[in-house]
Amino acid sequence: MASKRIKTDWASIRIIPGKEVLVYSHFQGKPKFLNYDDIESFQESLKRKQLSVNRWILSIPNNICISKTLDLPTNTLSEAAQMVEFELMSLVPIKPKDFVYGCTILKQQKHLLEVLVYIVRNDLLDQILEPYHKIGVYPRTIIPDSVALYSCLENIDPISPILLYIDKAQCHIFSSIKNNLRTYNRLDKIDIHDDSCIEHLANSIINLTDESKAFSDNTSITLVSKDEYKKNWPLLLKAKGVKSLITIKKQAEFLPENTLSSLYEKLLIKGAFNSINDHRYEHLNLLPSKNLNQIKRKQKIKNILLTGSLSILVLFLLWANFVLSNWRIIRTCRKVQGQIAPIEHIAKDVEHKKQLVRALQNQLSTGHEITRTFQDFYQFSPKAITISNLQYKFKTDYSHITIKGQTDSLSQALDYSEPIKESKLLKRMQITNVQQTPTPGGSIVEFKAECLLQDK
Amino acid sequence: MNLNGLNQREKILGIATAIFIVAILLFTGILEPQVKRHRNLQKELNDLQVRYTKMQADVKMRDRINHAYDQVQHLLENAETEQQQTSIFTRELSDIYSSQNLKVKSVKILPSLKEKHYIKLTVKADLRGNVQFFIKLIEHLEQLNKPIQIESFELRAMESTDIVQISLLITKIVKTTKV
């Protein structure tokens, strides 16, 4: 085996009785068989991660499967799979907890689906799975050998309704309708020199071609075998009455890879792998529910651990981000402090003086404002106006004056702001309130005025 | 505690609550202190940068400020304590009132405004006297070459006379060696 690491999501596996381990998968988009001379070398390969497979698919011998056909009133296979569960009690005299089942479509008619149900006893299945579990392979999908072989053969020739596989020990005959496996026969101890054996095979084929005629005009037969066995078969079968066209597939056409090990085994694992994404077999998984639950639980734990790890990683990254950011700010702070240090005492002195200068400037900003205000009042107020109250308030932006006074007439009070306008300082004076009060022999008018000193 | 007795909804709620609590604990225990520290450091850096910029500007206008300071520094009177300055200030004002024939009704020393580099003393005085003397008082205060300012005043005329009542609020900026 090459020491190159191989990683894949799906792979099919088979332990061949001679303890050889055969693996098939698509690696980097190319189909590849991996032969391991013994179990130990395969285990070593797994241990060293030279081969890393996420999910395994396995095919099991048909002789441990009970197959039954059922007609169910439905159009979809998923519905049919649910219905099968209720029919099983009548199909096999075994408790439901003691077996596992799977189904595939046989024939679809209007509102009726004929399905083929495979049933396997758990104890038999455990015996099959034991050697795989021992080497650390826990299959995710299990299908019967017949389905795996058919899946491979129909890939070799998808048109022929009758597919034939023959080698020196066995013969497998598949007939299909619209690419759904219809019948499967297996004949053991095939001997090319045994006339009765050939006749029996020919009769089986004739029966199948007769059945196929009912569904399709195409009754061609495709023969798949090792090159050394297949040469004489067409002639022998024709001699025994098989009239259909027999197409022989060369091994190089369907299995270009080097075939040191058994062709049958290779076809099985290749077929099993091909069936992974085949919707016809999505309800055919014969994996016991306890194993499936175990796998699901493992996957769940793996997901939880992965999510937890990712969350912790995110949290750590966030924390690290803040720590790094803080470290960077501290460094910048030190840099700025370093820049401040040499000028600090100068800046402090300047700031101190600046504050004092500003305060003093502000304090002296009024100048002679109030004296000038009094002068302007004297200069511009008419003689009839008497000021009885004057309030002055200094503010940084402007100084504010409020006056209260009296005069004889309303018009004099209201017109008071006119002469005052001539004063540069009191230009913005406004009469805010005027009140006339009658007195013996006349009246007195009291007024209120406000002014913002113009200078500011 | 039997968790198997819980239905799917209760389990989901329980898990969600546990995740929420763990998230809060992790945030408050691990992240939040760093976030707080980050905010404080950011503020500190901003303050330092502002301070540095201000200092740079101060250093740049050092000559101008020194020049302005030299022009006004003689106005500042130095005394050791605030009490001494207040005493000097009130005595100074009292002399001025007396010189202007104004009768002092009350003098109140208000709380002073303590700035970093100076103190602003405030005195409130209620006076009574002829309006002409009051104007002279104002004129005198405004002509003083001291950092004294009339913050506000209120002048109220007495009926049919030249006598007025005045409330004055006068401030003075002083420098003390001990604040």
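Residues numbered from 1 in each chain as written. Chains lettered and ligands numbered in written order. Predicted model: local features only at pLDDT ≥ 70, side-chain atom pairs only at ≥ 80, totals over all residues.

1. Notes on the overall build of chain B
The line we're drawing: In this description a helix means any DSSP run of H or I spanning at least four residues, a strand means any run of E spanning at least two, and both kinds are numbered starting from the N terminus. Buried, partly exposed and exposed are defined by the number of other C-beta atoms within 10 Å of a residue's own C-beta, namely 20 or more, between the two limits, and 12 or fewer respectively, with C-beta atoms placed from the backbone.
Assigned secondary structure in chain B consists of 4 helices and 5 strands. Secondary structure elements of chain B, listed N to C terminal, follow the sequence α-α-β-α-β-β-α-β-β. Evaluated residue by residue, chain B yields a buried proportion of 18% over its 179 residues.

2. Comments concerning the environment of A:Lys97
Secondary-structure assignment places A:Lys97 in the loop between helix 2 (77–91) and strand 6 (99–109). For the pair A:Lys97 and A:Pro288, spaced 191 residues apart in sequence, the C-alpha separation works out to 9.5 Å.

3. Considerations on unusual backbone geometry
The residue A:Gln28 is not glycine, and still its phi comes out positive at about 50°. Within the secondary structure, A:Gln28 is located in the loop between strand 2 (20–27) and strand 3 (30–36). In this model, B:Asn101 sits at a positive phi of 55°, which is unusual for a non-glycine residue.

4. What about the interface of chain B and chain A?
The line we're drawing: A pair of residues counts as a contact when their C-beta atoms, built from backbone coordinates, are separated by no more than 7 Å. As a working rule, the residues Ala, Val, Leu, Ile, Met, Phe, Trp, Tyr, Cys and Pro are called nonpolar, Asp, Glu, Lys and Arg charged, and the rest polar, with Gly in that last group. Being paired, for any two strands, means DSSP has found at least two bridges between them.
Taken together, the 44 residues of chain B in the interface contact 43 residues of chain A. Broken down by secondary-structure element, the contributors of at least two residues to the side of chain B that touches chain A are helix 1 (8–60), helix 2 (62–72), helix 4 (131–143) and strand 4 (148–157) of chain B. In terms of residue count, the dominant contributor to the side of chain B that touches chain A is helix 1 of chain B (18 residues). Residue classes in the side of chain B that touches chain A are distributed as 24 nonpolar, 8 polar and 12 charged. Across 5 bridges, strand 14 (residues 386–393) of chain A lies against strand 4 of chain B in antiparallel orientation. Its bridge partner lying in strand 4 of chain B, A:Leu390 is registered against B:Leu155.

5. Considerations on the confidence of the model for chain A
Quick reminder of the rule: How sure the predictor is of each residue is captured by pLDDT, a score from 0 to 100.
Averaged over every residue, the pLDDT of chain A is 85; the share at 70 or more is 96%. Within chain A, strand 8 (residues 141–144) of chain A carries the highest mean pLDDT (94), whereas helix 6 (residues 227–230) of chain A carries the lowest (64).

6. Thoughts on the sheet that holds strand 12 (residues 221–225) of chain A
Residues and elements named next belong to chain A. Short version of the rule: Lines fitted to the C-alpha atoms define the axes, with helices restricted to the stretch that makes contact. Angles between their N-to-C directions range from 0 to 180 degrees.
Overall, mixed pairing links the 5 strands, which are arranged 11-10-9-12-13 in an open sheet. Strands with a single pairing partner mark the edges of an open sheet, and in this sheet they are strand 11 (180–188) and strand 13 (246–249). Between one strand axis and the next, the sheet turns through 20° on average, direction left out of account. Bridging between strand 10 (residues 170–177) and strand 11 involves 8 bridges; their strand directions are antiparallel. Across the sheet, the residue bridging to cysteine 171 is leucine 187, located in strand 11. Across the sheet, helix 5 (residues 195–213) touches strand 9 (162–166), strand 10, strand 11 and strand 12, and the angle it forms with strand 10 is around 5°.

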